[in-house]
Structures are given as structure tokens and as C-alpha cells.
Amino acid sequence: MWIYANPNPCRTEEPDCVVRAIAIATGRTWDRVHYDLCELSREKCTMPSVNWLWGLYLEQNGFERLALPEKCPGC
């Protein structure tokens, strides 16, 4: 089921899908996630939307990366 969600506090349609998705997945505010990703990106000298950086952020916050099985049910 698809449900529209826009945790961006200004409700604008910006290219902030990484921040939005993480805010929704973690239950944190858009502001908190944006701040955290920017802090981590400064520490690692990269941009907040780089795949490995937001992956690291998720891992640091208890998420685990899993591979899809070869035969994905329903695929």
C-alpha cells in the first residue's frame, strides 16, 4: 500500500528523498535527519546524499543491510 508522506517541514517538493525516507523509517523529524546527515558528511568530507554515507548513518542507527534472495517472492 502506498501512502503519501512528506516530512519536509516546508512541505516543498525538493530532491530530498534520502532525508525523507530516513525520517519516515526512523520516526525522526526531517530536521533531525538532515542535521545528522550533514554533520556526518562534513566529518567524512562528502555529500549527505552519497549512498555509502546514508548507508553508514542507517547502520549507526541499528539498521542492517540485507541482500535480496535470488528468487524474490512475487517478482
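Look above for the structure.
Rules of the game
Residues numbered from 1 in each chain as written. Predicted model: local features only at pLDDT ≥ 70, side-chain atom pairs only at ≥ 80, totals over all residues. Heavy atoms only, no water. Axes fitted to C-alpha atoms, helices over the stretch in contact; angles between N-to-C directions. Helix = DSSP H or I, 4+ residues; strand = E, 2+ residues; numbered from the N terminus. Left-handed = near helix turned anticlockwise from the far one by under 90°. Contact = heavy atoms within 4.5 Å. Salt bridge = Lys/Arg side-chain N within 4 Å of Asp/Glu carboxyl O. Buried < 20%, exposed > 50% of the residue type's maximum accessible area, 1.4 Å probe, protein only. Core = buried A, V, L, I, M, F, W, Y, C linked by side-chain atoms within 4.5 Å.

Asker: I'd like a rundown of the packing of helix α2 (residues 30–44) against helix α3 (residues 51–60), residues and numbers included.
Answerer: It is at 10 Å that the axes of α2 and α3 come closest, and there the two elements cross at 115 degrees. Seen from above, α2 lies across α3 with right-handed handedness. Between α2 and α3, the contacting residues are Val33, Asp36, Leu37, Leu40, Ser41 and Lys44 on the first element and Trp52, Leu53, Trp54, Leu56, Tyr57 and Gln60 on the second.

Asker: A description of the pattern of salt bridges should follow, citing residues and the corresponding values.
Answerer: Here the structure, examined in full by the defined rule, presents 4 salt bridges. The salt bridge involving Lys44 is made with Glu43; its shortest N-O contact spans 3.9 Å. On the basis of relative accessibility, which here comes to 57%, the residue Glu43 falls in the exposed class.

Asker: Give me the lowdown on the nonpolar core, citing residues and values where you can.
Answerer: Nonpolar side chains in soluble globular proteins tend to end up buried together. Of all hydrophobic cores here, the largest spans 11 residues; its members are Val18, Val19, Ile22, Ala23, Trp30, Val33, Leu37, Leu40, Leu53, Tyr57 and Leu58. Residue contacts for Ile22: discarding those within four places in its chain leaves Val33, Leu37, Trp54, Tyr57 and Leu58.

Asker: I'd like a rundown of helix α1 (residues 17–26), residues and numbers included.
Answerer: One full turn of an α-helix is made of 3.6 residues, so residues set three or four places apart face in the same direction. Those residues of α1 not exposed but buried are Val18, Val19, Arg20, Ile22 and Ala23. On the buried face of α1, the contacting elements are α2 and α3. Positive backbone phi, approximately 80 degrees, marks Gly27, located one or two places after α1.

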